[in-house]
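# Secondary and tertiary structure notes
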Amino acid sequence: MRRLEQLLQPEPGALALDAELPADLPPEDAIEGAKSRYTLVVELARRERLTVRQLVGRLGGGRGHLTFTGTPEQVADAIETWCTRGAADGFAALKVGAISLFLVLGVLAIAGVLPGTDSPGTSHLTEFLPHGGEGLVIGLLASMFAYGGLETVTIAAESEEPVRGVASAVRTAMWRIALFYIGSMAVIVTLVPWDSKAVVEKGPYVAALDRLGIPGAGQLMNVVVLVALLSAMNANIYGSSRIAYSLVERGRGPRALGRVSGGVPRTAVLVSCVFGFGCVLLSYWRPDDVFAWLLNMIGAVILVVWVFIAVSQLRLRRRLEREASRQLVVRMWAFPVLTWVALAGMAAIFVLMAREPGTRVQLYATGAMTAALALGGYAWQRTRAEP
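Criteria and thresholds
- Residues numbered from 1 in each chain as written.
- Predicted model: local features only at pLDDT ≥ 70, side-chain atom pairs only at ≥ 80, totals over all residues.
- Heavy atoms only, no water.
- Helix = DSSP H or I, 4+ residues; strand = E, 2+ residues; numbered from the N terminus.
- Buried < 20%, exposed > 50% of the residue type's maximum accessible area, 1.4 Å probe, protein only.
- Contact = heavy atoms within 4.5 Å.
- Patch = residues over 30% accessible without salt bridge, like charges linked within 9 Å, V, L, I, M, F, W, Y side chains within 5 Å.
- Areas by Shrake-Rupley, 256 points an atom, 1.4 Å probe, with all protein chains shown as cover.
- Salt bridge = Lys/Arg side-chain N within 4 Å of Asp/Glu carboxyl O.
- Lys, Arg positive; Asp, Glu negative; His and termini not counted.
- Charge placed at Lys NZ, Arg CZ, Asp CG, Glu CD.
- Core = buried A, V, L, I, M, F, W, Y, C linked by side-chain atoms within 4.5 Å.
- Phe/Tyr/Trp six-rings, centres within 6.5 Å; stacked < 30°, edge-to-face > 60°.
- Polar contact = N/O pair within 3.5 Å; in protein donor to acceptor, adjacent residues only side chain to side chain.

## A closer look at the overall build of the protein
Broken down by element type, the protein carries 14 helices and zero strands. In sequence order, the secondary structure elements of the protein are arranged as α-α-α-α-α-α-α-α-α-α-α-α-α-α. A buried classification covers 28% of the 387 residues belonging to the protein. The contacts in the protein between residues at least 6 apart in sequence include a share of 60% that link residues at least 24 apart.

If you want it as structure tokens, here you go:
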């Protein structure tokens, strides 16, 4: 009962054991803690017209976690569903383990201590930008595309302790990027010549492992890359569906996307999947033109999103420090200097895009789309504000 009161935060004495939840519970925005769990519990009680006593019985055994009773067949189905939903943990563990092993083998080979391999030293690092700046721009946009979902580490409303979860994720994100992404790329460019056809034909990781002469390692890495893609897809579907649901809750999206079933915005999840698999088909049907154009444009769109995030931080952090400093749990290092550095870096990428013919059109298209969305949103807000 005490835990239920901590979750729902009602007025003192408002919960009666043999009555339903009071109608005047605080809105979700006023809850300090697990907002999504609050919504799920309240919706469960309203939907099934549970008394407080019944609700405590439903939630008490697992403290709000999944509890289940039924026939052996039903229990087996429940276990299967639970395992399927937990597959993302396996995806993450497999790709982290594989990349870690790749880094160890690569460093040993570069150091010349891996049996059966000769160290290339720095012989493959002598040429910088051999084809000019266009390759750099395309590589930067591809990196933006690859890390476009990084901001989803701040979507932790469904976690047990969202404040601690967000703080931990943000603090570890940078060293993970430095170790697993920059570190693996450094190993690859050191082991494999930049003009090796194997990089294009087999992929960079497979090309590097083939040079080490490890039997079957290249094909195994293909499996790991596939698992990593599935893991990324899982994270992005989660993030996009929850953002769509959040927009609907604030009256800024079609209501159909906000339908919740079993605590999950299933319609938003399905729509996200449709768009995702549509892009997969484009990469298969038109890999050299439409998909490449879309890839570069999405990279530019992600930069626009990050610009808005940085500008929002510059404005809102100072306000938060003045009005509610206790809520500022995660503080960015060297604020606001690093924020301005990030904005300068993003502006530099935009300038590089404008200078290269291969990415100039995507930049202009992104600018036009951003302007159209901004004007449309402004007009919509003005319309809603009118009495």
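The structure having been displayed, the exposition proceeds.
## Considering a positive patch on the surface
Where like charges cluster on the molecular surface, the positive patch consists of R315, R318, R319 and R322. A relative accessible area of 36% places R319 in the partly exposed class.

## Things to note about the pattern of salt bridges
A side chain with one charge can pair with a side chain of the opposite charge if their charged atoms come near. Enumeration according to the criterion identifies three salt bridges in this entry. Of the charged contacts, one joins R53 and D18 as a salt bridge, the two residues approaching to 2.9 Å between their closest N and O atoms. Residue R53 is located in helix α3 (residues 52-60), and its partner D18 is located in the loop between α1 (2-8) and α2 (35-47); the two are separated by 35 residues in the primary sequence. Of the charged contacts in the structure, one is a salt bridge between E321 and R317, with a shortest N-O distance of 3.1 Å.

## With respect to the nonpolar core
Of all hydrophobic cores here, the largest spans 19 residues; its most connected members are F102, L191, Y205, A208, L209, L212 and M221. Among the secondary structure elements, those contributing two or more residues to this core are α5 (87-111), α7 (162-191), α9 (204-212) and α10 (217-249). Here this core gets six residues from one element, more than from any other, and that element is α5. Excluding its chain neighbours within four sequence positions, the residues that come into contact with M221 are A98, F102, Y205 and L209. Grouped together as the second largest cluster of nonpolar side chains are 14 residues, L7, L8, V42 and L44 included.

## Points about the packing of aromatic side chains
Applying the stated rule across the entire model yields one aromatic pair. Look at F102 and Y205: their rings are 5.1 Å apart centre to centre, the planes differ by 70 degrees, and that puts the pair in the edge-to-face class. With a gap of 103 residues between them, F102 in helix α5 and Y205 in helix α9 connect regions that are remote in the sequence. On the accessibility criterion, F102 (2% relative accessible area) is buried.

## A short note on unusual backbone geometry
The residue after F335, namely P336, is reached through a cis peptide bond having omega 0 degrees. Here P336 lies in the loop between α12 (290-323) and α13 (337-355).

## Side note on the environment of P204
With respect to the element layout, P204 can be found in helix α9. Spatially, the C-alpha atom of P204 lies 10.0 Å from that of W194, the residues being ten residues apart in sequence. Once residues lying within four places of it in the same chain are set aside, the contact partners of P204 are I188 and V199.

## Quick notes on the side chain of T51
Inspection of the secondary structure puts T51 in the loop between α2 and α3. On the basis of relative accessibility, which here comes to 18%, the residue T51 falls in the buried class. When residues no more than four places from it in sequence are discounted, the contact partners of T51 are L17, D18, A19 and E20.

## Considerations on α9
All of the buried residues along α9 are Y205, V206, A207, A208, L209 and L212. Trailing α9 by a residue or two, G213 shows a phi angle of about 70 degrees, which is positive.

## Describing the side chain of S272
Within the secondary structure, S272 sits in helix α11 (residues 266-285). Residue classification places S272 among the buried residues on the basis of a relative accessible area of 17%. Here S240 takes part through its side chain, which lies 2.9 Å from a polar atom of the side chain of S272. Setting aside residues up to four positions removed in sequence, S272 forms contacts with I237, S240 and S241.

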